[in-house]
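Reading the structure
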Amino acid sequence: MSVEQAVAALREAYRTGVPCPPLRGALLAEGDVETAYAVQRAMLAGWVAGGRRPVGAKVGLTSAAVQRQLGVDQPDFGTLLADLAVPDGDQTSMTGLLQPRVEAEVAFVLGADLPHEQVTSVDVIRATDHLLPAIEIADSRVAGWDISIVDTVADNASSGRYVLGTRPVRLADVDLRLCGMVLEHAGEPVSVGAGAACLGNPLHAVAWLAGTLARAGSPLRAGDLVLSGALGPMVPVTPGAAYVARISGLGSVRVCFAGEG
Amino acid sequence: MGVVEELAIRLDEAQQAGKAISQLTATTELDVDTGYQIQAALVARRIQRGELMVGLKLGLTSQAKMTQMGVREVIWGRLTDAMRIPDGGTVEVGRYVHPRVEPEVAFLLTGEPGPFGSAVRAVAPALELIDSRYANFRFTLPDVVADNTSAAGFVLGPWQPVPDGLDNLGVLLEVDGRVVETGSTAAILGDPRRALAQGTHLAARAGVRLAAGWVFLAGAATAAVPLAPGSHVRAVVEGLGTASLKASE
C-alpha cells in the first residue's frame, strides 16, 4: 500500500513540478530502505514502460559529511536515463527541474560486465573502458530537500539530469584519489574538492555499486555509464547561470541553465 | 607609550604565554589600518628578540572565510624563522592557545618583481599552524590583522619546480592517516597565483618588499582542523607531495 502511495506522490511531483512533502513517516517507515528501493523500482518500471532508456547508474551519499547528515553509513544508487543527458555546454531548461543543485563527479564508462556479487577494485579497473568529467544536476521531488535516506532512495537517489565531457580519459592517466575538482560560476569557485571526497576514491563507489547491483540481480554491463559521486559540496542552481566543472587530469565539462520564465 | 605599542605588547605576551586574551576591539576602537600598525609593532618586538623575517602569509583567501568575516579583501601577516617547523617535526600543543592546522601551498620567492614565473623559484606543499590569541578563536577583522593573522607556525614539504598548472591541484588533510578534509588549490582565490599578486600589492602598500629566499604561504585549500595532542597531521598536494607534523602534549 505504502509503495503505491509513495509512487503516486512522486509522480504527482514530477507531473506538476510541485515538490511533495517527505515520504518518510506518512508513507514510508523511517529507515525502511528496502521498501524505498521498491518505490524506486516501481518508478523505473513506469519510465521504461513509457519508452525511456536506462543507460547506467549513479551513486549517491558518497561523502562522509552527507552520510553523517543523513545518519547513514553507506551510499545509495539510482538509475540514469538516456533522455536526462544534457550535451556538454548546452543550455538546459529549468522546466521539469524543481530545486536543482549541481555537483562535479567522475563518470566511468564500462568496457566489460561486472557480474560478481563480491567486487574488488581490480574488477573495476579491468572493467573500466574510460572516464569522463561530469556535472550531475541533482534534484529532489521532496520539498526543501528535506530528505532522509528513504526519501532519497525512493526518489531515484535525487537524480535530475547530467552532463558528460566528451573526451575519454584512461584510468591510468588520472590520480583518482588526489585529483582536484573545482566547480566554477562566472569564473569564481563555488565548490572545490578532490577525488578522496568520494568514499576515499571514486573507484570504491563503483565497486560498491557493482556488488550491490549484482546482488539485486541487475548487474552493471559493458557500455553502462556510472556517475560515481560528488567530489565536493552540491551547489543550488541559479537560473540563467553557467557552471564549469574542472577535474584535474580529466578535463572540463559545462552547462548553462535557462533563465526563469 | 602609544596605544599601538601597548596593544602589540598585549598580543605578544599572549602568544608567549599561550594564553588567550579578549579581543582588542572589546576595549579599543580599531580600524584595519591600525590593526596592521599593531601587527608591525608586534612582529618588530619578535625581531628585536632575534627572530628573522622569512616571509609572508595570506589569510581569508577562501570564499567561505570572506563571507564569514564579511570582507572582500584578503589579509596578510608576517612569518619569522621561529615559526618554522621542520617537515615531520614535532610541536608542543601546550605552547599554543588553541592551535589549528590547514593545508596550503607555499612559494619560494626570487625577490624579483613581475609575473609569477619570475617571482617564484619553487613551490612546496605546506601546513600552516594557526592560533588566534583571542578567546574562542573569535575576532573582528582589525583584531585578526593585529594578531598577525593568527600566524603561529608552518611546515614546508620539499621544494618542487613550478608546475604548469597550479589552479586545481587536489589537496587532502590527513590526521593519523585518515582524510579529514578534501579540497583543491582552486579554493585559494580561484588560483594561488592570484594570492601572490594580491599579497605583493598589499605588502607594498605597507612598504614591505618581498625579498629573495622568502616564503609565501598562499592560503588554505581546506577548512582548518584543531590540532590534538598525539596526532600526526599531513598535507597532501597533487603532484607536489606532502608536508607533515606531529603534535605532542
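Above: the structure in question.
Residues numbered from 1 in each chain as written. Chains lettered and ligands numbered in written order. Predicted model: local features only at pLDDT ≥ 70, side-chain atom pairs only at ≥ 80, totals over all residues. Heavy atoms only, no water.

This paragraph deals with the overall build of chain A. Per the secondary structure count, chain A includes 6 helices and 13 strands. For 261 residues, the compact-globule formula gives about 18 Å, and the C-alpha radius of gyration of chain A, at 17 Å, lands near that figure. With the C-alpha coordinates of chain A rotated into their principal frame, the extents come out at 50 × 45 × 35 Å. Within chain A, contacts between residues separated by at least 24 positions form 74% of all contacts whose residues are at least 6 apart in sequence. Only carbon and sulfur atoms are counted for the fraction: they give 52% of the accessible area of chain A, which is about 10700 Å². (Helix = DSSP H or I, 4+ residues; strand = E, 2+ residues; numbered from the N terminus. Rg over C-alpha atoms; globule rule 2.2 N^0.38 Å. Contact = heavy atoms within 4.5 Å. Areas by Shrake-Rupley, 256 points an atom, 1.4 Å probe, with all protein chains shown as cover.)

Moving on: helix α2 (residues 32–48) of chain B. All names here are of chain B. Taking 1.5 Å of rise per residue, the 17 residues of α2 would be expected to cover 24 Å, and the 24 Å separating its terminal C-alpha atoms lies within 8% of that figure. Listing the buried residues of α2 in full gives Thr 34, Gly 35, Tyr 36, Ile 38, Gln 39, Ala 41, Leu 42, Val 43 and Arg 46. Buried residues along α2 sit against α1 (3–17), β1 (53–59), β2 (75–80) and α5 (141–146). Note on α2: the residue one or two positions beyond its end, Gly 50, has a positive phi of about 110°. (Expected span 1.5 Å × (residues − 1). Buried < 20%, exposed > 50% of the residue type's maximum accessible area, 1.4 Å probe, protein only.)

Attention shifts here to the pairing of strand β12 (residues 242–247) of chain A. Two faces make up the sheet, and in a regular strand the side chains alternate between them. All names here are of chain A. Residue alternation in β12 divides its side chains into a buried set, Tyr 243, Ala 245 and Ile 247, and an unburied set, Ala 242, Val 244 and Arg 246. Sheet topology note: the strand β8 (residues 180–185)/β12 ladder contains 5 bridges and is antiparallel. By the bridge assignment for β12, Glu 184 is matched with Val 244. Alignment of β12 against strand β13 (residues 251–257), held across 6 bridges, turns out to be antiparallel. The residue of β13 that forms the bridge with Ile 247 is Gly 251. Linkage of β12 to β13, two consecutive antiparallel strands, is achieved through a turn of 3 residues, within which Gly 249 is found at a positive phi near 90°. (Pairing = 2+ DSSP bridges.)

What follows deals with the pattern of salt bridges. Applying the stated criterion across every chain, the model contains 24 salt bridges over all chains. Of the charged contacts, one joins A:Glu12 and A:Arg15 as a salt bridge, the two residues approaching to 3.0 Å between their closest N and O atoms. Of this pair, A:Glu12 and A:Arg15 both sit in helix α1 (residues 2–16), 3 residues apart, which is roughly one turn of the helix. When the shortest N-O distance is used, the salt bridge between B:Arg193 and B:Asp191 registers 2.8 Å. The class for B:Arg193 is partly exposed, based on a relative accessible area of 30%. Taking the relative accessible area as the measure of exposure, B:Asp191 reaches 10% and is therefore buried. Three or more residues joined by partner-sharing salt bridges are found here, namely A:Arg24, A:Glu30, A:Asp146 and A:Asp151. (Salt bridge = Lys/Arg side-chain N within 4 Å of Asp/Glu carboxyl O.)

With the rule as written, the count across this model stands at 9 aromatic pairs over all chains. Taken together, a centroid distance of 4.7 Å and an interplanar angle of 20° make the contact between A:Tyr37 and A:Phe77 stacked. Of this pair, A:Tyr37 sits in helix α2 (residues 33–49) while A:Phe77 sits in strand β2 (residues 76–81), and the two are 40 residues apart along the sequence. There is no split in this pair, since A:Tyr37 and A:Phe77 are both buried. Ring geometry for B:Tyr36 versus B:Trp76: centroids 5.5 Å apart, planes at 20°, classification stacked. Pair noted here: B:Tyr36 is in helix α2 and B:Trp76 is in strand β2, with a separation of 40 residues, a long-range link. Of the residues examined, B:Tyr36 reaches a relative accessible area of 16% and is grouped as buried. (Phe/Tyr/Trp six-rings, centres within 6.5 Å; stacked < 30°, edge-to-face > 60°.)

Time to look at empty space enclosed by the protein. Residue and element names in this part refer to chain B. Across all of its chains, the model carries 2 cavities of 30 Å³ or more by this definition. Here the largest cavity defines a volume of roughly 50 Å³. Forming the boundary of the largest cavity are Leu 11, Asp 12, Gln 15, Leu 42, Arg 46, Arg 133, Asp 147, Asn 148 and Ala 151. Looking at the lining of the largest cavity, the elements with two or more residues in it are α1 and α2. In terms of residues, the lining of the largest cavity owes the most to one element, α1, which gives 3 residues. Of the residues assigned to the lining of the largest cavity, the class counts are 3 nonpolar, 2 polar and 4 charged. (1 Å grid on protein atoms, 1.4 Å probe; cavity = no way out; pocket = protein on both sides within 12 Å on 5 of 7 lines; lining within 4 Å. Points joined across faces, edges and corners; volume = space filled by probe spheres on them. Nonpolar A, V, L, I, M, F, W, Y, C, P; charged D, E, K, R; others polar.)

Let's shift gears to the environment of A:Ile247. Residues and elements named next belong to chain A. Considering the arrangement of structural elements, one finds Ile 247 in strand β12. With a relative accessible area of 2%, Ile 247 lands in the buried category. Remark: the alpha-carbon pair of Ile 247 and Gly 217, spanning 30 residues in sequence, is separated by 33 Å.

Looking now at the packing of α1(B) against α2(B). Residue and element names in this part refer to chain B. For the pair α1 and α2, the least separation of the axes is 8 Å and the interaxial angle reads 55°. Taken together, α1 and α2 sit at an angle that is classed as oblique. Between α1 and α2 lies a crossing whose hand is right-handed. Where α1 abuts α2, its residues Val 4, Glu 5, Leu 7, Ala 8, Ile 9, Leu 11, Asp 12 and Gln 15 lie against Thr 34, Gln 37, Ile 38, Ala 41, Leu 42, Arg 45 and Arg 46. Tallied by class, residues from the contact of α1 with α2 come to 8 nonpolar, 3 polar and 4 charged. (Axes fitted to C-alpha atoms, helices over the stretch in contact; angles between N-to-C directions. Parallel < 35°, antiparallel > 145°, perpendicular 65-115°, else oblique. Left-handed = near helix turned anticlockwise from the far one by under 90°.)

On to α2(A). Every α-helix carries 3.6 residues per turn, so stepping three or four residues along brings you back to the same face. Residues and elements named next belong to chain A. Between its first and last C-alpha, α2 extends 24 Å over 17 residues, near the 24 Å set by a 1.5 Å rise per residue. The set of residues buried in α2 consists of Ala 36, Tyr 37, Val 39, Gln 40, Met 43 and Trp 47. In an axial view of α2, the angular spread of the buried residues amounts to 150°, which keeps them on one side of the axis. Across from the buried face of α2, at angles greater than 90 degrees, the exposed residues are Glu 34, Arg 41 and Ala 49. Contacts from the buried residues of α2 go to α1, β2 and α5 (149–154). Note on α2: the residue one or two positions beyond its end, Gly 51, has a positive phi of about 95°. (Arc of directions from axis to C-beta.)

One non-glycine residue with positive phi stands out, namely A:Trp145, at about 55°. Mapped onto the secondary structure, A:Trp145 falls in the loop between β6 (128–138) and α5. The backbone of B:Asn136 shows a phi angle near 60°, a positive value even though the residue is not glycine. Within the fold, B:Asn136 resides in the loop between β6 (120–130) and α5.

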